[in-house]
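An overview of the molecular structure
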Amino acid sequence: MDKCNCYHSTTVYQQKIQPWAEKISAAQMENIKKNFASTKPMNDEPFALKEDASSGAAPSAPVKREPVIMALNNVTPYYTGYARIDNAITDALYGKSQELKDNVYNIMWNDLLPNNVHGLDEAGRTALISLGVQKAEYLAEQFMDDKEKDSFMEAIRSVARIGMEGKRVGTCDMEYAVKHVIGLDGNNHVQEENMGAYLFAMEREAPETYKEYESLRKSSKNGEVDAAFFALRWAMKNLNLIAANRPEYDKLKDEQYEKLQKVKLDDTFSKADTSSKERFLASLTEILKQNHALQTGFFFGRISQMSNTLGDYLIGRQIVLSGRA
């Protein structure tokens, strides 16, 4: 694996900490030692709470501080932009707890389609996707009925296949075949955008115009926006051509989805026991112990996070902060 040059390796907080004693010279250290004993203390008596001489009252008892519970913000939903995938997940989560929604979207952001895979080689990256699929399987087993579970897991595996086809940018950043402009209706269902149909008809019926569109799109930093308006103006004038090509366009979309379903998923964690949280975490641990090729420290860290979450969920929505006065 190439040397990492992403922000995880270049930020100040990741740099090696140099002990204070190494930052000063031997002469400076000797001067500190020589002058330390001659420095007069700021107070002659040790600090202590004294009894009130007039009342004889003892100092008040220490204040007992209750732990502070902080609620985390909701995890932002992840949409791939493909209606048949995203809407199946949305429907499966409809009416479910916010905790379940947070767990599912956390898996999508951090396991299936992570933006950065710092510290993971390709085998580790695909194994992380396998872990995400099994985490989703566990959640479906615990919190969904059979009908919801089937459609949900089919969609999750489709997301995982998109992840398997992801491409590295540099050493750690990832790019996926997902859409970055998503249209949602009032039920948070993804609406398939029409630009693909416009361009499909344009390329078939007006190839010279399509070449002009491509040239405009690549012309400048504003090329994408200018090209989009160019295509939209063409579409408004050629609605009949778009309608005539719609069946072939829909057939193409179906073929693309069928091709996605043929992408092979990593099976590193596929035999994990999802019947209960205790068995799930124990089976993941056992799989890791038998797989010496993975960065086990990374994956044991993920298991530890799930172990520290109370209840049957895999990530919690609360952090408990406590301290001593």
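Details of the structure are given in the entry above.
The present account deals with the structure reproduced in this document. Treat the numbers as computed from the prediction; the structure is a model and nothing was measured.

What to know about the overall build of the protein chain
Scanning the protein chain from N- to C-terminus turns up 12 helices and six strands. Burial statistics for the protein chain: of 325 residues in total, 35% are counted as buried. In the protein chain, the proportion of contacts linking residues at least 24 apart, taken out of those at least 6 apart, comes to 71%. Counting every atom, the protein chain has about 21300 Å² of accessible surface; 52% of that belongs to carbon and sulfur.

Some words on the side chain of asparagine 245
Take asparagine 245: it is sitting in helix H10 (residues 239-261). Of note is the side chain of asparagine 245, whose polar atom sits 3.2 Å from the side chain of arginine 204. For asparagine 245, the residues in contact, after removing those within four places along its chain, are Phe200, Ala201, Arg204 and Glu205.

Quick look at helix H7 (residues 195-205)
Every buried residue of H7 is listed here: Gly196, Ala197, Tyr198, Leu199, Phe200, Ala201 and Met202. Among the structural elements, helix H8 (207-217), helix H9 (223-237) and H10 are those in contact with the buried residues of H7.

A look at the packing of helix H4 (residues 98-112) against helix H5 (residues 122-143)
Relative to each other, H4 and H5 sit at 170 degrees, their axes nearing to 9 Å. The angle between H4 and H5 falls in the class roughly antiparallel. Between H4 and H5 lies a crossing of left-handed hand. Of the residues in H5, those touching H4 at Leu100, Asn103, Val104, Ile107, Asn110, Asp111 and Leu112 are Leu128, Ile129, Gly132, Val133, Lys135, Ala136, Leu139 and Phe143. Taken together, the residues of the contact of H4 with H5 break down into 10 nonpolar, three polar and two charged.

Describing H9
Here H9 is 15 residues long and its end C-alpha atoms lie 21 Å apart, about the 21 Å a rise of 1.5 Å per residue gives. Those residues of H9 that sit buried are Gly223, Ala227, Phe230, Ala231, Trp234 and Ala235. Each buried residue of H9 sits inside an arc of 135 degrees when the element is viewed along its axis, so together they form one side. Contacts from the buried residues of H9 go to H7, H8 and H10.

Looking at the nonpolar core
In this structure, Ile89, Met108, Leu112, Phe152, Phe269, Leu284 and Phe299 are the most contacted members of the largest nonpolar core, which totals 52 residues. When residues of this core are traced back to their parent elements, those giving at least two are helix H3 (83-93), H4, H5, helix H6 (146-164), H10, helix H11 (277-290) and helix H12 (296-307). If you tally residues by element for this core, the top one is H5, at nine residues. By size, the runner-up hydrophobic cluster in this structure holds 13 residues, among which are Tyr198, Met202, Ala235 and Ile242.

Brief notes about the packing of H5 against H6
Working note: a packed helix pair is described by the angle between its axes plus the distance between those axes. In the contact formed by H5 and H6, the axes pass within 10 Å of each other and the chain directions differ by 170 degrees. Between H5 and H6, the crossing angle belongs to the class labelled roughly antiparallel. Here Arg125, Thr126, Ile129, Val133, Ala136, Glu137, Ala140 and Glu141 of H5 come into contact with H6, specifically with Lys149, Phe152, Met153, Ile156, Arg157, Ala160, Gly163 and Met164. Taken together, the residues that form the contact of H5 with H6 break down as nine nonpolar, two polar and five charged.

Things to note about the packing of aromatic side chains
Tallied over the full model, the rule gives seven aromatic pairs. Seen in terms of ring centroids, phenylalanine 269 and phenylalanine 299 are 5.7 Å apart; in terms of plane orientation they differ by 45 degrees. Their pairing is tilted. Placement of the pair is phenylalanine 269 in the loop between H10 and H11 and phenylalanine 299 in helix H12, with a sequence separation of 30 residues. Accessibility classification places phenylalanine 269 together with phenylalanine 299 in one group, the buried group. Joined through ring pairs, the aromatic side chains of Phe269, Phe298 and Phe299 make up one cluster. Seen from the ring of tyrosine 257, arginine 84 lies directly overhead, with NZ or CZ sitting 4.5 Å from the centre.

Comments concerning a negative patch on the surface
Side chains of Asp145, Asp146, Asp150 and Glu154 sit close together on the surface and give a patch of like negative charge. If you trace the backbone, glutamate 154 turns up in helix H6. A residue is classified by how much of its surface remains accessible, and glutamate 154, at 45% relative accessible area, is partly exposed.

Focus on the pattern of salt bridges
Under the criterion given, the structure shown has 15 salt bridges. Among the ionic pairs, glutamate 193 bridges to lysine 179, the shortest N-O distance being 3.8 Å. Of this pair, glutamate 193 sits in the loop between strand S5 (190-191) and H7 while lysine 179 sits in the loop between strand S3 (173-175) and strand S4 (183-184), and the two are 14 residues apart along the sequence. Take glutamate 193: its relative accessible area is 35%, and that puts it in the partly exposed class. Here lysine 211 and glutamate 208 are joined by a salt bridge, their closest N and O atoms 3.7 Å apart. In this pair, lysine 211 and glutamate 208 both sit in helix H8, three residues apart, roughly one turn of the helix. For the pair shown, lysine 211 and glutamate 208 are each scored as exposed. By sharing partners, the salt bridges in this structure join Glu137, Glu141, Lys149 and Arg157 into a single network.

Conventions adopted
Residues numbered from 1 in each chain as written. Predicted model: local features only at pLDDT ≥ 70, side-chain atom pairs only at ≥ 80, totals over all residues. Heavy atoms only, no water. Helix = DSSP H or I, 4+ residues; strand = E, 2+ residues; numbered from the N terminus. Buried < 20%, exposed > 50% of the residue type's maximum accessible area, 1.4 Å probe, protein only. Contact = heavy atoms within 4.5 Å. Areas by Shrake-Rupley, 256 points an atom, 1.4 Å probe, with all protein chains shown as cover. Polar contact = N/O pair within 3.5 Å; in protein donor to acceptor, adjacent residues only side chain to side chain. Axes fitted to C-alpha atoms, helices over the stretch in contact; angles between N-to-C directions. Parallel < 35°, antiparallel > 145°, perpendicular 65-115°, else oblique. Left-handed = near helix turned anticlockwise from the far one by under 90°. Nonpolar A, V, L, I, M, F, W, Y, C, P; charged D, E, K, R; others polar. Expected span 1.5 Å × (residues − 1). Arc of directions from axis to C-beta. Core = buried A, V, L, I, M, F, W, Y, C linked by side-chain atoms within 4.5 Å. Phe/Tyr/Trp six-rings, centres within 6.5 Å; stacked < 30°, edge-to-face > 60°. Lys NZ or Arg CZ within 6 Å of the ring centre and 35° of its normal. Patch = residues over 30% accessible without salt bridge, like charges linked within 9 Å, V, L, I, M, F, W, Y side chains within 5 Å. Salt bridge = Lys/Arg side-chain N within 4 Å of Asp/Glu carboxyl O. Lys, Arg positive; Asp, Glu negative; His and termini not counted. Charge placed at Lys NZ, Arg CZ, Asp CG, Glu CD.

Function cannot be read off these values alone, since they describe shape.
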